[in-house]
Structure formats: structure tokens, C-alpha cells
Amino acid sequence: RESPGARDTSRVVVVHAWPPSGPPASTMHAWSGCEGKQDNDETHGHSVVPAPTFESIQRRKPLFANAADLKERIREEIKTKGYDVKDLYKEQGIAQRIARSDWFEYVTLGVISANAVWIAIETDSNDADTLLDAHPGIVVGENFFCGYFFWEWTC
């Protein structure tokens, strides 16, 4: 007859529990051959974890998706038109014509890059507390970028 604290060891896997200073988790491994031992001092620090059942293995999802479904989803994604902000622009007027043009996009990217360099130069060379007290070249540069970005925003 079994004792009240005995476990059914036919479905138990014993996993070694390394001390905090022991090897990393990648070197930890499952131990076997501990049939008949109870979860007490006889396990020598091992954790007792129930082994997976056949039913739990059968319920798992497949590792790889169905290839046919995946191909069909990719084909549908290719067919759909991606997001383009130009689709939201008006159809008439000079501002939409400027905003849709490639040169406007390239010039704006150039001005953004120049502004990044300007911020570095202005930060190093401007000792004034306000823009009114700054060197006239600093004032012209700041107002140029402010004016360009405001004009870009209105287009």
C-alpha cells in the first residue's frame, strides 16, 4: 500500500535546479531515473514537473503555417494598395501640384538635412539668450528655416 504523500511517478519529469551561481539556463537539462522518490530531501534540490500528456501534445498548433494559406494571404497583401498621403490631397490647385511633385519632396528633404546641420552650428556659436540679441546671421538662418517649414506646411 502507498503512503498518503506518495506521487504517481509514471508521469513525472525531474528537472535539476541549479544554484544561482551555477551554470546558465542553456546548460540545464532534465534528469531521469528518479522513479519512486517523493518530493522531499531525497530529490536533492530537483524540481518535480509533470510530464506532458499525449492529449496536451495533440492540442498544440502546428509549428509551420499552411503554405497555401500563407501564399494566398501574401497575394492579397500585394494586390492591396499601400498608404500614400498624396491620395488625401485635393485634385485641383497649385498647392497640390507642388506638394505632389518630386522636386518638392527632394528639396524638403535637403532643407531638413540642412536644418539638422544648422541646429548644430547655431547651438555651438550662439551665446545670446534670445533671438533678438543674436548675431544677424543667426536671425536670418532661423527665420529662413521657419519660413520654409511654414510654407511647406501650407502646401
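These numbers were taken from a predicted model, which means no experiment stands behind them. (Residues numbered from 1 in each chain as written. Predicted model: local features only at pLDDT ≥ 70, side-chain atom pairs only at ≥ 80, totals over all residues. Heavy atoms only, no water.)

**Let's talk about the overall build of the protein chain**
Next, step 1: When you go through the protein chain residue by residue, the secondary structure sums to 5 helices and 3 strands.
Next, step 2: Sequence-ordered secondary structure for the protein chain, helices as α and strands as β, is β-β-β-α-α-α-α-α.
Next, step 3: Considering the protein chain as a whole, with its 155 residues, one finds that 14% of them fall into the buried category.
Next, step 4: In the protein chain, the share of contacts with a sequence separation of at least 24, taken over all contacts with a separation of at least 6, comes to 55%.
Next, step 5: Accessible surface computed for the protein chain: about 13,000 Å², of which carbon and sulfur atoms make up 59%. (Helix = DSSP H or I, 4+ residues; strand = E, 2+ residues; numbered from the N terminus. Buried < 20%, exposed > 50% of the residue type's maximum accessible area, 1.4 Å probe, protein only. Contact = heavy atoms within 4.5 Å. Areas by Shrake-Rupley, 256 points an atom, 1.4 Å probe, with all protein chains shown as cover.)

**Description of the pattern of salt bridges**
Next, step 1: Taken as a whole and judged by the stated rule, the model has 4 salt bridges.
Next, step 2: Note that Lys 79 and Glu 76 form a salt bridge whose closest N and O atoms lie 3.8 Å from each other. Residue Lys 79 and its partner Glu 76 are located together in helix α2 (residues 67–79), separated by 3 residues, close to a single helical turn.
Next, step 3: Using a relative accessible area of 65% as the deciding quantity, one classes Lys 79 as exposed.
Next, step 4: What makes Glu 76 partly exposed here is its relative accessible area of 37%.
Next, step 5: Here Arg 100 makes a salt bridge to Glu 91, at a shortest N to O gap of 4.0 Å. (Salt bridge = Lys/Arg side-chain N within 4 Å of Asp/Glu carboxyl O.)

**Thoughts on the packing of aromatic side chains**
Next, step 1: All told, the structure shown has 8 aromatic pairs when counted by the stated rule.
Next, step 2: With a centroid separation of 6.4 Å and 25 degrees between ring planes, the pair formed by Phe 145 and Phe 149 is classed as stacked. In this pair, Phe 145 and Phe 149 both sit in helix α5 (residues 136–154), 4 residues apart, roughly one turn of the helix.
Next, step 3: By relative accessible area, which is 9% here, Phe 145 ends up buried.
Next, step 4: Here the aromatic residues Trp 103, Phe 104, Trp 118, Phe 144, Phe 145, Tyr 148, Phe 149 and Trp 151 are joined through ring pairs into a cluster of three or more. (Phe/Tyr/Trp six-rings, centres within 6.5 Å; stacked < 30°, edge-to-face > 60°.)

**Quick look at the confidence of the model for the protein chain**
Next, step 1: Residues of the protein chain with pLDDT of at least 70 account for 63%, and the chain-wide mean is 76.
Next, step 2: Taking the mean pLDDT of every element in the protein chain, the minimum, 44, falls on strand β2 (residues 30–31) and the maximum, 94, on helix α4 (residues 102–125).
Next, step 3: The low-confidence segment residues 24–39, where pLDDT is below 50, has 22 contacts with residues more than four positions distant or belonging to other chains. (pLDDT = per-residue confidence, 0-100.)

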